[in-house]
Amino acid sequence: MKIVAVEAIPFAIPYAKPLTFASGEVRTADHVLVRVHTDEGLTGTAEAPPRPYTYGETQESIIAVIGRIFAPQILGLTALERETVHACLDRTVGNPTAKAALDMALWDILGQAAGMPVSGLLGGYTDRMRVSHMVGFAPAGEMVAEAERIRDTHGITTFKVKVGRQPYREDVVACRALREALGADVELYIDGNRGWSASDSARALHEMADLGLTFAEELCPADDVLGRRWLVARSPVPFIADESATRAAEVTRELLGGSATAISIKTARTGFTASQRVLHQCEGLGVEVVMGNQIDSQIGTLCSVAFGAAHRASAQHAGELSNYLGMTDDLLTEPLTIENGTLHIREGAGLGIDIDPAKLARYRQDR
Ligand code: MUC
Ligand code: MG
């Protein structure tokens, strides 16, 4: 199972409905399809979704770091030498989605070689996850209409509401409108992508105390160290670290520093190997985790659900698995379906990522 070639293929698929949030906007899925080939003819597949405004990665940087720095170091290693692969990749700081995609492609190879689903190899807790849908910035009425459409079409009853604009004129109004329209049985939580100050956040949480929110995520920057710690100490709900806790060391820093009380795990940036480290770290510390979404296509979503369903702690809360619904198309031969608010893992060997060659030919950017 020697790694003999690594491909990094840029592709671009437009969104029908762009997702806008405090730190950026996604209009096109400008992702990179990563394929790792072995000498036995197995191919592991995953995607790297760059988020330039968050981690500084771009499609071009992912292709360059994989082609020029990572691939030359891992060619010749086997898929069973993941620790060695990570020792090579971790010499370079940053580049989270490039590293994560390589890691998940290796797990895909292991699953195929063993004839077993990756989700089972990771833990096999369950075969499905409840889905949480992310509602991006729009006037309150449009946010309500979107949530109602998603609930009525896919049975989803958990919503992560993007906040981080003008807290009282826009965000609190939108959250209140969502609660009033959707009723008490729907779960709502908020994500500020660092758009508010600590004092804005505290006041907004106070204003929304009657809305029954379940989590608050990255409302203000973690770099506002004392302000954030002050806010987290006062938060009435677990405070999720997302982009401030992208690897195990940052998780330790944020949790022990009092800057978070829950963690978002995104396989798009920690793959499976490092996501498991973070998950076990959180379990050991008694901290809740939520499966986040880095605005993945169906490829990344299959990876998230494989991991989320594999472990008891990550299957406890609805996972953010529905962003692909906003895309005009995707690359999988057999599309994912969310029914009754639930997404199932793919049965069969590996990750079950079967790429449609005609779609790849249509959307790839390098030919
Ligand atoms: C999220 O949870 O923040 C927005 C930017 C990003 O990197 O992920 C998304 C969703
Ligand atoms: Mg977030």
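Student: Please provide a residue-by-residue account of the site of ligand 1, values included.
Tutor: In the vicinity of ligand 1 lie 14 residues, with Lys160, Lys162, Asp191, Asn193 and Lys266 positioned nearest. Measuring from an oxygen atom of ligand 1, one finds a side-chain N or O atom of Asp191 at 3.0 Å. Between ligand 1 and Asn193 there is a distance of 2.9 Å, counted from an oxygen atom to a side-chain nitrogen or oxygen. Here ligand 1, which alone exposes 280 Å², has 100% of that area covered by the protein. The pocket occupied by ligand 1, as judged from atoms lying within 2 Å of grid points, is the largest cavity. The residue makeup of the shell around ligand 1, split by class, is 3 nonpolar, 4 polar and 7 charged. Among the domains, domain 1 (3–115 + 356–363) and domain 2 (120–344) are the pair contributing at least three residues each to the shell around ligand 1.

Student: How would you explain the packing of helix H6 (residues 140–154) against helix H7 (residues 167–182) if you had to name every residue and give the values?
Tutor: Closest axis-to-axis distance for the H6/H7 pair is 9 Å, and the angle between their directions is 40°. Looking at the two axes, H6 sits oblique to H7. When the axes of H6 and H7 are compared, the crossing they make is right-handed. On H7, the residues touching Ala140, Met143, Val144, Ala147, Glu148 and Arg151 of H6 are Val173, Ala174, Ala177, Leu178, Ala181 and Leu182.

Student: Hey, could you go over the pattern of salt bridges for me, with residue numbers and the actual values?
Tutor: Applying the stated criterion to the full structure yields 20 salt bridges. When the shortest N-O distance is used, the salt bridge between Lys160 and Glu217 registers 2.8 Å. A residue pair is termed long-range when its members are at least 10 positions apart, and Lys160 in strand E5 (residues 158–162) and Glu217 in strand E7 (residues 216–217) qualify at 57 residues. Glu217 shares its class with Lys160; the two are buried. Put simply, Asp171 and Arg165 hold a salt bridge, and the shortest N to O gap is 3.1 Å. With respect to class, Asp171 is no different from Arg165; both count as buried. Taken together, the shared-partner salt bridges connect Lys160, Lys162, Asp191, Glu217 and Glu320 into one network.

Student: I'd like a rundown of the layout of surface pockets, residues and numbers included.
Tutor: Approximately 850 Å³ is the volume found for the largest pocket. Mapped onto the lining of the largest pocket, the elements with two or more residues apiece are helix H1 (52–55), helix H4 (96–114), helix H9 (225–234), helix H10 (248–256), helix H11 (267–270) and helix H12 (273–285). Here the lining of the largest pocket gets 5 residues from one element, more than from any other, and that element is H10. Counted by class, the lining of the largest pocket contains 10 nonpolar, 10 polar and 13 charged residues. Built from parts of two domains, the lining of the largest pocket gets at least three residues from each of domain 1 (3–115 + 356–363) and domain 2 (120–344).

Student: Give me helix H3 (residues 82–89): which residues, what numbers.
Tutor: If you check which residues of H3 are buried, you get Arg82, Val85, His86, Cys88 and Leu89. Angular distribution of buried residues about the axis of H3 spans 155°; they occupy a single face of the element.

Student: Any chance you could break down the domain arrangement of the chain for me, citing the residues and the numbers?
Tutor: The domain architecture assigned to the chain consists of domain 1 (3–115 + 356–363) and domain 2 (120–344). Each of domain 1 and domain 2 has a C-alpha centre, and these two points are 23 Å apart. Each partner contributes to the interface: domain 1 provides 38 residues, whereas domain 2 provides 42 residues. In terms of surface lost to domain 2, no three residues of domain 1 exceed Leu19, Met104 and Trp107, which account for 18% of the buried area on that side. At the junction of domain 1 and domain 2, the tally comes to 3 salt bridges. Among the secondary structure elements, those contributing two or more residues to the side of domain 1 that touches domain 2 are strand E1 (3–21), strand E2 (24–38), strand E3 (43–48), H1, H3, H4 and helix H15 (357–363). If you tally residues by element for the side of domain 1 that touches domain 2, the top one is E1, at 9 residues.

Student: Lay out the coordination of the magnesium ion (ligand 2) in plain terms, naming residues and giving numbers.
Tutor: Asp191 (OD), Glu217 (OE) and Asp242 (OD) make up the full set of protein donors to the magnesium ion (ligand 2), lying at 2.0 to 2.2 Å. Sequence spacing of the donor residues for the magnesium ion (ligand 2), all on one chain, is D-x25-E-x24-D. Highlighted residues: Glu217 in strand E7 and Asp242 in the loop between strand E8 (239–241) and H10, separated in sequence by 25 residues. In this structure Glu217 comes out as buried when scored by relative accessible area, which is 0%.

Student: Any chance you could break down the packing of aromatic side chains for me, citing the residues and the numbers?
Tutor: Between two aromatic rings, the relevant description is the distance of the centres plus the angle of the planes. Summed over the entire model, instances satisfying the criterion amount to 4 aromatic pairs. Measuring from ring centre to ring centre gives 6.3 Å for Trp107 and Phe272, while their planes differ by 85°; the resulting arrangement is edge-to-face. Of the two residues, Trp107 sits in helix H4 while Phe272 sits in the loop between H11 and H12, which places them 165 residues apart along the sequence. Of the two residues, Trp107 and Phe272, both sit in the buried class.

Cut-offs applied
- Residues numbered from 1 in each chain as written.
- Chains lettered and ligands numbered in written order.
- Predicted model: local features only at pLDDT ≥ 70, side-chain atom pairs only at ≥ 80, totals over all residues.
- Heavy atoms only, no water.
- Near = heavy atom within 4 Å.
- Polar contact = N/O pair within 3.5 Å; in protein donor to acceptor, adjacent residues only side chain to side chain.
- Areas by Shrake-Rupley, 256 points an atom, 1.4 Å probe, with all protein chains shown as cover.
- 1 Å grid on protein atoms, 1.4 Å probe; cavity = no way out; pocket = protein on both sides within 12 Å on 5 of 7 lines; lining within 4 Å.
- Sits in = over half its atoms within 2 Å of the grid points.
- Nonpolar A, V, L, I, M, F, W, Y, C, P; charged D, E, K, R; others polar.
- Domains from an automatic or database assignment.
- Axes fitted to C-alpha atoms, helices over the stretch in contact; angles between N-to-C directions.
- Helix = DSSP H or I, 4+ residues; strand = E, 2+ residues; numbered from the N terminus.
- Parallel < 35°, antiparallel > 145°, perpendicular 65-115°, else oblique.
- Left-handed = near helix turned anticlockwise from the far one by under 90°.
- Contact = heavy atoms within 4.5 Å.
- Salt bridge = Lys/Arg side-chain N within 4 Å of Asp/Glu carboxyl O.
- Buried < 20%, exposed > 50% of the residue type's maximum accessible area, 1.4 Å probe, protein only.
- Points joined across faces, edges and corners; volume = space filled by probe spheres on them.
- Arc of directions from axis to C-beta.
- Buried area = accessible area lost by both parts, 1.4 Å probe.
- Donors = N, O, S within 2.8 Å, 3.2 Å for Na, K, Ca; no water.
- Phe/Tyr/Trp six-rings, centres within 6.5 Å; stacked < 30°, edge-to-face > 60°.

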